Structure formats: structure tokens, C-alpha cells
Amino acid sequence: MSTLPATAFVPLQEAASQREIFEYVLGDTLLASSLYANIALAGLSILLFVWMARGLEDPRAKLIVAATLVVPVVSLASYTGLASGLTTGILEMPPGHPAVDGAYVTVGGAEGVVSLWGRYLTWALSTPAILLALGLLAGSNLTKLFTAIVFDIAMCVTGLAAALTTSSLALRWFWFGMSCTFFVVVLYVLLVEWPADAAETGTDDVFGTLKYLTVVMWLAYPVVWALGVEGLALLPVGVTSWAYSGLDIVAKYVFGFLVIRYVADEPASVTADAGYGATGGVAPADD
Amino acid sequence: MSTLPATAFVPLQEAASQREIFEYVLGDTLLASSLYANIALAGLSILLFVWMARGLEDPRAKLIVAATLVVPVVSLASYTGLASGLTTGILEMPPGHPAVDGAYVTVGGAEGVVSLWGRYLTWALSTPAILLALGLLAGSNLTKLFTAIVFDIAMCVTGLAAALTTSSLALRWFWFGMSCTFFVVVLYVLLVEWPADAAETGTDDVFGTLKYLTVVMWLAYPVVWALGVEGLALLPVGVTSWAYSGLDIVAKYVFGFLVIRYVADEPASVTADAGYGATGGVAPADD
Amino acid sequence: MSTLPATAFVPLQEAASQREIFEYVLGDTLLASSLYANIALAGLSILLFVWMARGLEDPRAKLIVAATLVVPVVSLASYTGLASGLTTGILEMPPGHPAVDGAYVTVGGAEGVVSLWGRYLTWALSTPAILLALGLLAGSNLTKLFTAIVFDIAMCVTGLAAALTTSSLALRWFWFGMSCTFFVVVLYVLLVEWPADAAETGTDDVFGTLKYLTVVMWLAYPVVWALGVEGLALLPVGVTSWAYSGLDIVAKYVFGFLVIRYVADEPASVTADAGYGATGGVAPADD
């Protein structure tokens, strides 16, 4: 609309284009491998899970499988988004952020930290699916499932906000603290509520394994955030990214494998009553 | 913050403003009519559907109507967003994209393809409502409804990512292939699972019609994407947009009309048992 | 990518950085207090609600509490987002908008209206939780809950679109009218459908109070929009923001307090049948 004479002094906010970020990622072998390896592993996990669950008949067991399958599906899209530059950005940190001295990169005229913020966005979609699978395995009631999932989403969204806040260092850590507080609610359901349900349902053996795997892995995510380029910047971007990618491999694909291996046998503890999940309003046909 | 002397060479990322896009759309009769016609039709469909369903009493029949009503409600907002320039952009395609030679436009200093990306975003909201209505009509259980809707949303979101990826031509088609793969799961539920449920529920007559209408229309969307300005660029932007708008008219408003015409009679196959959908915890009152 | 010689005339779209907006907010005492006061009140509400509900046992009563708790949780994140500048912007209004003469500010080179658009985004998350709590208190069936929540989300998203549309004054008010129309559906459920359910459930005393509180407060929000800087610009930005913040205090924290005070006694009208909300498929254990 308005044109400025070039002789004026103009403040410019330069941003790296998607293509420049895509090429930057490709040029950093450690960073690139942390993303492309997970695209491949997510794809293979989808194929493996579908194959493992191929003979399943029971609708409740199939719901657990469907929830589990969401995890690598979201992961495949998430890592493709990160690798393409669509959900990766170069963010200028607020004054006083430790990344300013050392972890800054220059990409296409933009100077800042490589932020793989798409991770936090997509965790808001994949982690509820993990909790749904765990809750169904444990035989949770609706209240506990609602509570765990709502606070989990709140944890992921505030984690995303922490990563995207560039105005104030104090607010970045305020978001981080908020996210961790919501995490405590999720941990409470995982460690106190659902184990009791699982014992009653008869799934305590597999639930115990999955609970420890999930709790230990999930506790490591905020630690990586705090130590990584977006937090204290003690780890460089490639190591930060591989730390998340490694956690994802265990917390998502190994987790899913264990769930589906258990469910594929259709043990009585996960199968349904007659009429389970029916959305029909008429009396069930007597076939 | 920082000011640059105008004598420096500065890389600039120019973007068209919302107002420039709004005016560009208004200036292209074919494109503008494809959007404004659907604003009018979505509005009329809402009024028609509410009027057709005015005497309905049964809660399950009313849930099917409510789900169906979501479709033109989302459409009304979606097309208003596209026409206003809020969810329309001028995107520079990656090198090698066929639109670079021929389908590029210049809007307010930005050069690229007119991308009506808001369509893909809002499909993630309207198509689950279509599947909810279809699943309830068929008498689907919860597992199949969850599976169809989750893979449908994954299909729409990865379609949106395909449209917004400007860093790599290969990644655009990788997203497209991912989206089509998720579509296969939706097709499986529509063509194999739900017809069997509908036969048992006694809604196979109307479900058969709606199934064919939905499958044929939905198959055309990725074809339009592949042939349109965002894919192989064989169709110009106005024709691409009208192709989607025409599909929407049949797959959304005609579809909705057929659903509500069937449900408005409250046939026994769609009505509820006593206590259907009750969220109360106390024993039902015996009135 | 491409560099332009500085002697060319370049159209520039200047935007305020997140940090500049954060600092602008801090510098306006009225505006800043409207945000930081709510961060504190939302945090205190969460602590108070958790403490009030500490002894609760019944799963249905706990679901109502969990839904109510979502409201200050979302509020805490929402106000932190506004204060940080993450979800606040400086928007140039379309020609003819009354804010152009008088309500414009200049922040970091950008000239426009201070838009706290994050409010509308987060209402799409908090208001469904309010309706869920109200619907469960009233003993609503699934159809009415679905209808109220879907039209409520449509109301919030189109309100967000109204705030973000800068291309046309007519379209801003078209969005506003659309949003108000969807609001009518929510009002119908609140004023006609749920009171009848509540009378049957035996919660009409508390529901009557909460209904009037909610309806009166919620009716004021669009009035503030219309009179505020984003509408007719009769109120300056600080007053507009405090009007919303004051409404939030009553419609969210006082509302939540009343809900939880009622539910904490676990009256028979809100507690559950045996097996309420069970997601397990096996027959309930007879303990």
C-alpha cells in the first residue's frame, strides 16, 4: 500500500523463509538425522502396528489399537512438518537468554535459536492418544480420563507457549513452571488412580510396565527442554533434537508396540461387554 | 528495534495484506463467485435444515440433525474467511513447481499462487461432522466412529500441510500421498464397516445413497488438488476454486438435505432407547 | 533470497515485535492491571477450587469439578499469553473504522489498534468447559450438550475472525452478526432446554442462579465488543480490556466457586449410578 522512500531508516523484522530453514536443517547432519530417522520409524511403526492387529475382532480391543495407532500417525506428520520448515522457526530470544551467546544461528538473514516448535504443537495431539490407550487398558472411568487428557493438553499448549514467547525470559520460565504443574496432575492419575483401576480390571501386569515406561520417559522431556537450546542452552540444537527424538522412539513406538502386542491376544481384561460402544438407539438385533 | 541504513542491501519478504487479497478476490469474477455463492448457499442451507427439522422430538434423531447442521455452519464461516482474505494467501511455490510458469499472480508486491488454504483447515471441522452423521445413521459403534474421524482429521491436516509447504516440491507430494493414505482408512469404514452396520440397523436404503454420494464426491477432492493450481497447475485458480465449491454444494448441502429429509420422519431405525445420551447419574425419573 | 537495491521504493509491512507489545502493555497501567490481575485471580481460583473439592469421592461430582477447573486453567494461560504479547497484536483497521481517528497507537513502527485477540481464541476452550459443567449439573442429554458446545465454539471462532479481519469493515460486522446468531442457539439451550432438565434432576435451585449469572454476563461480552476499540471504538483499550476482565471474574471465577460449593456436598442430584462413566468392557467387579 504505502511506499517509503529508500532514504528513510526502516526497522525491519527479517524472517527466514520456509525453504531457507528446510535447507539449513538438511545441512546439519545431526539435526537432519534426528528428524528424518523419525519420519522413517513412524512410518514403519504404523505398518507394523496394523500388521500386528490384523486379526482383531473385539471392538474395545480395536479401540485401544486405534488410539495407539494415532501416536505414530501424528508423529509422521509432526516430523515431516519439522523437516519441511513448516513448523520450525528461527526465534530471537529475549535479553539475558543464554542462547544469545553461542547457540545462535543465522538463517536467511534471521538470527536466533532454531526452534522446533512444531514438536510441542503435535504433542497436544499425540499424548492424549497415549493417555486414552493407557486409560482404556486400566479400565479408567470417564472422569479420570477427562482429567488426565485435559491437563495433558494444557501441559503441551503451555509448553508450546514457553517456546514461542520471545518477549521476556521470566515469562518463558513462568510458562515452563505452569506446564510442569499441569504435568503433576497427569502423573497423579498415572501413578495413583489408574494402577488401582488396572488391578481391579486385571491388566496390572502390562499397565505396570507401560506406566513406568511412560512416567520415566515423560519426566525426561521437561529436563531436555530446560537443558536444551530453548532453556539453559547447555545442549546444542542437534543434541537437543536427538534427545527428544530418542525419547519419542521409546515413549511412542516402543510403547505402542507393547500395547498392541498385549491387546492382540484379546485377553478378557480388554474385551467388551455385548453392545460396547454402540451408538445405535434401537434395541440390539438378536443375531 | 534495530534500524538499517537505507544504503544497505536488504532481503525483503513481501506479503500481500489481507485487504489486498480481499480486493484481488473481488476483482476476479470467477473466483469471487465461487466464494460468495457458497456463503449464500451455506446460509440458506442452515435456514432450510432448521425449518425441516423443526418438529423433531427424539434426542437421537436430533443429534443426527445437530451433526448435519454443523456442516453448513462451518461452511458459512469457512467461505467468509476465504473471501475476507483472512484464510487466503499468496504463496511462492518451491522451484520446479508448474505454477511458477503461468499460474502466478502479483498481489500487493507478493508474487505467487493464490492459495485458499482456509478450505483445508475448515474441512478438518466439517468433515468429522459429516462422518458423525453417517456413523449415527449406520448405527456404528464407538471404535469405528473414532477411527473414521481421527483418520479424517489426519487427512485434512496433512492436506493443509501440503498446501502450506513451500520449501520442497517433493515434500508437497509426500504430504499429498500421506493424506491420501489416511483417506483409504476412511473409505474402508465407509465402504465396508458401516454398510454392514446399516443393514443391521435398518438404514441401509438411505445409507447406501449417502455412502455413494460421499465416496464419489470425496474422491474428487484430491483429484482437484492434483490438477489445480496447488498441484500440477493444469487448472487456473478460478476453475480450481469452483471445482471445490461445486463439490462442497453436493457433498455438504445436498448431503445434509438428504440426511435431514430422512431423519425428519423419525423412523424407528434412528430413534433412541429410553435414557439415550443421558448424562445424569441418578436413576431416571419415572414420568 | 533476492536482494533489492536500496534505491528502489519498497512497500513494507511493519509489525510490532512480541517484545515491543509486551513492553507497551507494561507501560499502560490500566491495560496491564487488567491482565496481570487476572493471572493472579486465575491462579488463586485454581488453588481454591482444588482445596474446596479435596474430599470428593463420587466420580460424576468429580467430573463436574474437573470441567469447572478447566475454566481458570485456560484463563491463567490466556492472560499470560496476552500479557506476554504472544496473543496480542497491533492491527490496522479497514478504512472507515472509527478507531482510525483516536484509538490508534504506534508500537515499534506498527500503527493500529491494540487487539487482545487471544481472548477470543481461548474462550473457544474455556466456554465449552463452562457449558459442560452446567449441562452435567442440569442432567442434560448428549444431544443438548453437543448442540450447546458446538454452537458455542462456532460463536467464539467467528468472534476471533471478526477481530482478525482487517480487510473490510462490513465483513467485521458480518462476522459479529454470525457470532451473535450462534449465541442465540446457546441461549436457547441455557434458557429453555436445561431449566426443564434441571427441574427433573432436582438441581433447579443452583442451576437457576448459575443460568442467570451466565446469561447476563455472556450477553455483556458482545456489547463490550461492539462498544470497544474493535467495534465502534467508544471505549479506549484499557477500559475495553477491564470490561472483559471484570466479566471474566464473575462469569469464570465466581461461577466456578458457586458450582464447586454446591457439588462439594455431593448431593444425590449430582452423584452417579453404579458404573458411571466406566470405560471398562468387562462386567463390573462386585466389590
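One numbering rule holds for all chains: residues counted from 1, following each sequence as written. The naming scheme follows written order: chains are lettered A onward, ligands numbered 1 onward. A pLDDT threshold of at least 70 governs which residues receive local features in this predicted model, and a stricter bar of 80 or more applies before side-chain atom pairs are shown or counted, although totals over entire chains, interfaces and linings include all residues. Side-chain numbers come from the whole structure's heavy atoms, not from hydrogens or water.

1. A short note on the overall build of chain A
Operational definition: Secondary structure elements are defined from DSSP: runs of H or I of at least 4 residues count as helices, runs of E of at least 2 residues count as strands, and each element is numbered from the N terminus. Burial classes follow relative accessibility: with a 1.4 Å probe on protein chains only, a residue under 20% of its type's maximum area counts as buried, one over 50% as exposed, and anything between as partly exposed. Residue contacts are defined here by distance: any two heavy atoms, one from each residue, within 4.5 Å place the two residues in contact. Only the protein chains shown count as cover for residues, and all accessible areas are computed by the Shrake-Rupley method using a 1.4 Å probe. When charges are counted, Lys and Arg are positive and Asp and Glu negative, with His and the chain ends excluded. By convention, the charge on Lys lies at NZ, on Arg at CZ, on Asp at CG and on Glu at CD.
Within chain A one finds eight helices and five strands. Along chain A, helices and strands appear, N-terminal first, in the series β-β-α-α-α-β-β-β-α-α-α-α-α. Out of the 287 residues in chain A, the part that is buried amounts to 60%. A separation of at least 24 residues holds for 77% of the contacts in chain A among residues at least 6 apart in sequence. Per element, the accessible surface of chain A, about 10,700 Å² overall, is 68% carbon and sulfur. Side-chain charges of chain A comprise 10 positive and 22 negative groups, with the mean position of each set lying 3 Å from the other.

2. So, the sheet that holds strand β5 (residues 110-115) of chain C
Residues and elements named next belong to chain C. To keep things clear, this is the line we draw: Here, any two strands with at least 2 DSSP bridges between them count as paired. Every axis in this analysis is a line fitted to C-alpha atoms, fitted for helices over the stretch in contact. Angles between the N-to-C directions lie between 0 and 180 degrees.
Across the sheet, three strands lie side by side as β3-β5-β4; this open sheet has antiparallel pairing. Two strands bound the open sheet, and with one partner strand each, they are β3 (89-91) and β4 (105-107). Within this sheet the neighbouring strands show an average axis-to-axis angle of 70°, counted without direction. Two elements, β4 and β5, share three bridges in a ladder whose sense is antiparallel. Its bridge partner lying in β5, valine 107 is registered against alanine 110. Its contacts with the sheet place helix α1 (residues 18-27) against β3, β4 and β5, and it is angled at close to 130° to β4.

3. A look at the sheet that holds strand β3 (residues 89-91) of chain B
Residues and elements named next belong to chain B. The strand order β3-β5-β4 describes an open sheet built from three strands, whose pairing is antiparallel. At either end of the open sheet lies a strand with only one pairing partner, and these are β3 and β4 (105-107). The mean inter-strand angle of the sheet, taken between neighbouring strand axes irrespective of direction, is 70°.

4. Section: the side chain of A:Lys144
All names here are of chain A. Topologically, lysine 144 is positioned in helix α5 (residues 142-164). Look at lysine 144 and you get buried, because its relative accessible area is 18%. Each residue touching lysine 144, except ones within four places of it in the same chain, is listed here: Val189, Glu193, Trp194 and Asp197.

5. Some remarks on the packing of aromatic side chains
Aromatic ring pairs are described here by two measures, namely the spacing of the ring centres and the angle between the planes. The test is simple: The aromatic pairing rule takes the rings of Phe, Tyr and Trp, using the six-membered ring of Trp, and pairs them if the centres are within 6.5 Å, calling planes under 30 degrees apart stacked, those over 60 edge-to-face and the rest tilted. Look at NZ for Lys and CZ for Arg. If either is within 6 Å of the ring centre and within 35 degrees of the ring normal, a charge sits over the ring.
For the structure shown, the criterion picks out 27 aromatic pairs over all chains. Taking the centre distance of 5.1 Å and the plane angle of 75° together, the rings of A:Trp173 and A:Phe176 count as edge-to-face. One end of the pair, A:Trp173, and the other, A:Phe176, are both in helix α6 (residues 169-201), three residues apart, so they sit about a helical turn from each other. Residue classification places A:Trp173 among the partly exposed residues on the basis of a relative accessible area of 29%. Given a relative accessible area of 17%, A:Phe176 falls into the buried group. The interplanar angle of 20° and the centroid separation of 6.2 Å between the aromatic rings of A:Tyr221 and A:Tyr244 together place this pair among those described as stacked. Of this pair, A:Tyr221 sits in helix α7 (residues 204-227) while A:Tyr244 sits in helix α8 (residues 237-263), and the two are 23 residues apart along the sequence. Like A:Tyr244, A:Tyr221 is buried. Feature note: the residues A:Tyr120, A:Trp123, A:Tyr221 and A:Tyr244 constitute an aromatic cluster, connected by ring pairs. In this structure, B:Lys211 packs its charged tip against the face of B:Tyr212, placed 4.5 Å from the ring centre.

6. Digging into the pairing of β5(C)
All names here are of chain C. The buried count for β5 comes to five of six residues, which makes it a mostly enclosed element. Pairing geometry for β3 and β5, over three bridges, is antiparallel. Bridge pairing in β5 links leucine 91 to valine 113. Turn length for the β4-β5 hairpin, with the two strands adjacent in sequence and antiparallel, is two residues, and the turn residue glycine 108 shows positive phi of about 55°.

7. Looking at the environment of A:Gly228
Residues and elements named next belong to chain A. One can find glycine 228 in the loop between α7 and α8. Separated by 163 residues in sequence, glycine 228 and valine 65 place their C-alpha atoms 33 Å apart. Glycine 228 has contacts with Ala233, Leu234, Leu235 and Thr240, leaving out every residue within four places of it along the chain.

8. Some points on the nonpolar core
Looking at soluble globular proteins, one finds that nonpolar side chains tend to be buried together. Applied cut-off: For this analysis, a nonpolar core means a set of buried residues of the types Ala, Val, Leu, Ile, Met, Phe, Trp, Tyr and Cys, connected via side-chain atoms within 4.5 Å.
Counting residues in hydrophobic clusters, the biggest one holds 294 residues, and the most contacted among them are A:Trp194, A:Trp218, B:Trp194, B:Trp218, C:Trp194 and C:Trp218. Discounting residues that sit within four places of it in the chain, C:Trp218 has contacts with C:Thr127, C:Ile130, C:Leu131, C:Asp152, C:Met155, C:Phe183, C:Val186 and C:Ala251.

9. So, helix α3 (residues 59-84) of chain A
All names here are of chain A. Applied cut-off: Given the number of residues in a helix, its expected span is that number minus one, multiplied by 1.5 Å. Within 3.5 Å is the distance limit for a polar contact, defined as a pair of N or O atoms, with the added protein rule that one can donate a hydrogen and the other accept it, and that residues adjacent in sequence qualify only through two side-chain atoms.
Taking 1.5 Å of rise per residue, the 26 residues of α3 would be expected to cover 38 Å, and the 37 Å separating its terminal C-alpha atoms lies within 8% of that figure. Most of α3 sits inside the fold, with 24 of its 26 residues counted as buried. A side-chain oxygen of the first residue of α3 lies 3.0 Å from the backbone nitrogen of arginine 60; this N-cap is aspartate 58. Directly beyond the C-terminal end of α3, a positive phi value near 90° is found at glycine 85.

10. Comments concerning the confidence of the model for chain A
All names here are of chain A. Stated precisely, the cut-off is as follows: Think of pLDDT as the predictor's per-residue confidence, scored from 0 to 100.
Confidence in the prediction for chain A averages 92 pLDDT; 92% of positions are at 70 or higher. Considering each helix and strand of chain A separately, the mean pLDDT is smallest for strand β1 (residues 3-4), with a value of 38, and largest for helix α2 (residues 29-52), with 98. Here residues 1-13 is modelled with pLDDT under 50, and outside its nearest four sequence neighbours on either side it reaches 36 contacts, counting other chains as well. This model gives residues 283-287 a pLDDT under 50, and the stretch forms three contacts once residues within four places in sequence are excluded. Across the assembled chains, the prediction reports ipTM 0.92 with pTM 0.93.

11. What to know about the packing of helix α5 (residues 142-164) of chain C against helix α6 (residues 169-201) of chain C
Residues and elements named next belong to chain C. How we decide: For classification, angles of less than 35 degrees are called roughly parallel, those exceeding 145 degrees roughly antiparallel, those between 65 and 115 degrees roughly perpendicular, and all remaining angles oblique. Two helices that cross are described as forming a left-handed crossing if the nearer one is turned anticlockwise from the farther one by less than a right angle, and a right-handed crossing if clockwise. We call Asp, Glu, Lys and Arg charged. Ala, Val, Leu, Ile, Met, Phe, Trp, Tyr, Cys and Pro are nonpolar, and the rest, Gly among them, are polar.
Two elements in contact, α5 and α6, have axes separated by 8 Å at closest approach and are oriented at 160°. By the angle between their directions, the pair α5 and α6 is classed as roughly antiparallel. Note that α5 runs across α6; the crossing there is left-handed. Classifying every residue of the contact of α5 with α6 gives 17 nonpolar, four polar and five charged.

12. So, the side chain of B:Ser45
Residue and element names in this part refer to chain B. Tracing the chain through its elements places serine 45 in helix α2 (residues 29-52). Judged by relative accessible area, serine 45 falls into the buried class, the value being 8%. Residue contacts for serine 45: discarding those within four places in its chain leaves Pro72 and Tyr253.

13. A look at unusual backbone geometry
Not every positive phi belongs to a glycine, and A:Ala233 is a case in point at roughly 60°. Structurally, the position occupied by A:Ala233 is in the loop between α7 and α8. Located in the positive-phi region is B:Glu266, a residue other than glycine, with phi close to 50°. Summarising the element assignment, B:Glu266 is placed in the segment after α8 (237-263).

14. Some details on the pattern of salt bridges
Residues and elements named next belong to chain A. Note the threshold: Note on definitions: salt bridges are taken to be side-chain nitrogens of Lys or Arg within 4 Å of carboxyl oxygens of Asp or Glu.
Applying the stated criterion across every chain, the model contains 15 salt bridges over all chains. Among the ionic pairs, arginine 19 bridges to glutamate 23, the shortest N-O distance being 3.1 Å. Taken as a pair, arginine 19 and glutamate 23 lie in helix α1 (residues 18-27) at a separation of four residues, close to a single helical turn. Judged by relative accessible area, which is 36%, glutamate 23 ranks as partly exposed.

15. Thoughts on the packing of helix α4 (residues 118-138) of chain B against α8(B)
Residue and element names in this part refer to chain B. Relative orientation of the contacting elements α4 and α8 amounts to 25°, with a least axis distance of 12 Å. With respect to each other, α4 and α8 are oriented roughly parallel. Note that α4 runs across α8; the crossing there is left-handed. Taking contact as the criterion, the partners of Arg119, Tyr120, Trp123, Ser126, Ile130, Leu134 and Leu137 in α4 are, on α8, Ser241, Tyr244, Ser245, Asp248, Ala251, Lys252, Phe255, Val259, Tyr262 and Val263. Residues belonging to the contact of α4 with α8 are distributed by class as follows: eleven nonpolar, three polar and three charged.

16. Things to note about a nonpolar patch on the surface
Rules: Here a patch means residues that are over 30% exposed by relative accessible area and free of salt bridges, tied together within 9 Å if like-charged and within 5 Å if nonpolar (Val, Leu, Ile, Met, Phe, Trp, Tyr).
Together, A:Val223, A:Leu227, A:Leu232 and A:Leu234 line one region of the surface with nonpolar side chains, adding up to about 350 Å² of accessible area. Along the chain, A:Leu234 falls in the loop between α7 and α8.

17. Points about the environment of C:Ala77
For C:Ala77, the position within the fold is in helix α3 (residues 59-84). Once the C-alpha coordinates of C:Ala77 and C:Ile39 are considered, the two residues, 38 residues apart in sequence, prove to be 8.0 Å apart. In contact with C:Ala77, other than residues within four places in its own chain, are A:Thr158, A:Trp175 and A:Met178.

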